[in-house]
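Chain by chain, the residues:
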Amino acid sequence: MMNIQHLTDLLPLLALGLVTFLLAGFVKGVIGLGLPTVAIGLLGLAMPTAEAAAMLIVPSLVTNIWQLLAGPRFAALAKRLWPMLLGICVGTWAGSGWLANGGNLAGMALGVALLAYSVLGLAAVRLHVPKHWTARREGAVGGVVGVATGLVTAATGVFVIPGVPFVQALDLDKDDLVQAMGLSFTVSTIALAAGLARDGIFHGPAMGVSLLALAPALGGMFIGQWVRSRVSAPVFRRCFFIGLAMLGAELVIQHIR
């Protein structure tokens, strides 16, 4: 009887996880990013942010490695982006413990991060790295951006700000941009997993739950890729950022109460 009751208590959470990762995978399939952002944002409404971050590790890692290996210029991009990637690891490790010990602050920080990301997306803000910058200067700025991205990742579980705007500012062609984001997200996911493991959050049971989340995430991603050629990408992105802004606002309000 206790087991049946325990299972009944788990059903709503399992249903939320299934729907969340289907939707998050779908978004990633259509626009090439957004799986961790959508997943942790929705799960953060029902559980501590740290636990939500642990659930997304395996789906995020697998889908981002897939995205990373789909492009033709891994070595060249890794050579160009290594200062930012190293900075991500340093920043995430330096901020390790924030998610585990942040309580309401972690949830509020997540809401603020989602709001900031959605505002940038809706405003279509596009920066450009000056053409006259040397590789050393670009690398130095990339390192600072990487540390900042790592700190945001450590505080919220979301690793898009300011890393994604910086990568977009490099004016890479479409294939290189997708591969570069896959590289950045893969390193961020590994760094986040290491930090959560050190804090005792990403362990055996959490790994198992995260592995279970992989199937709906991949299913959603396949559906999103099928839909990609049949919908207007700009319209979908606009709806995505509006929904993300609403989600971020709800998280902020929820953790103010």
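As annotated in an unreviewed UniProt entry, the chain carries the name Probable membrane transporter protein and is attributed to Pandoraea sputorum. As recorded by UniProt, the Subcellular location (unreviewed entry) comment attached to the chain reads in full: "Cell membrane".

Engineer: Looking at this structure, I do not really get the confidence of the model for the chain. What am I missing?
Structural biologist: Where the model shows low pLDDT, its predicted coordinates should not be examined in detail. In the predicted model, the chain carries a mean pLDDT of 85, and 93% of its residues have values of at least 70. In the model, residues 1-7 has pLDDT below 50 throughout and makes 0 contacts with residues more than four positions away in sequence or in other chains.

Engineer: Looking at this model, I keep getting lost on the UniProt feature "transmembrane region" (unreviewed entry) in the chain. Mind explaining?
Structural biologist: UniProt marks residues 39-69, 81-100, 106-129, 141-165, 177-197, 204-223 and 235-253 with the feature "transmembrane region" (unreviewed entry), using the numbering shown here. With 71% helix and 0% strand, residues 106-129 has end C-alpha atoms that lie 32 Å from one another. Spanning residues 141-165, this segment combines 76% helix with 0% strand, and its end C-alpha atoms are found 13 Å apart.

Engineer: Help me understand the pattern of salt bridges in this model?
Structural biologist: Enumeration according to the criterion identifies 2 salt bridges in this entry. Its salt-bridge partner being R73, residue D176 comes within 2.8 Å of it at the nearest N-O pair. Within this pair, whereas D176 is found in helix α9 (residues 174-198), its partner R73 is found in the loop between α3 (49-69) and α4 (74-94), the two being separated by 103 residues in sequence. D176 sits in the buried class, given a relative accessible area of 5%. In this structure, E138 engages R80 in a salt bridge whose closest nitrogen and oxygen atoms are separated by 2.8 Å. Highlighted residues: E138 in helix α7 (residues 135-156) and R80 in helix α4, separated in sequence by 58 residues. A relative accessible area of 12% means that E138 is categorised as buried.

Engineer: Would you explain the nonpolar core in this entry?
Structural biologist: Grouped burial of nonpolar side chains is what soluble globular proteins tend to show. Among the nonpolar cores identified, the biggest contains 62 residues, and F21, Y117, L196 and F240 are the most heavily contacted of them. Per-element tally for this core: the top contributor is α9, with 9 residues. When residues no more than four places from it in sequence are discounted, the contact partners of L196 are A50, A53, A54, I57, L99, I201 and F202.

Conventions adopted
Residues numbered from 1 in each chain as written. Predicted model: local features only at pLDDT ≥ 70, side-chain atom pairs only at ≥ 80, totals over all residues. Heavy atoms only, no water. UniProt positions renumbered as here; feature names shortened; annotations may be inferred. pLDDT = per-residue confidence, 0-100. Contact = heavy atoms within 4.5 Å. Helix = DSSP H or I, 4+ residues; strand = E, 2+ residues; numbered from the N terminus. Salt bridge = Lys/Arg side-chain N within 4 Å of Asp/Glu carboxyl O. Buried < 20%, exposed > 50% of the residue type's maximum accessible area, 1.4 Å probe, protein only. Core = buried A, V, L, I, M, F, W, Y, C linked by side-chain atoms within 4.5 Å.

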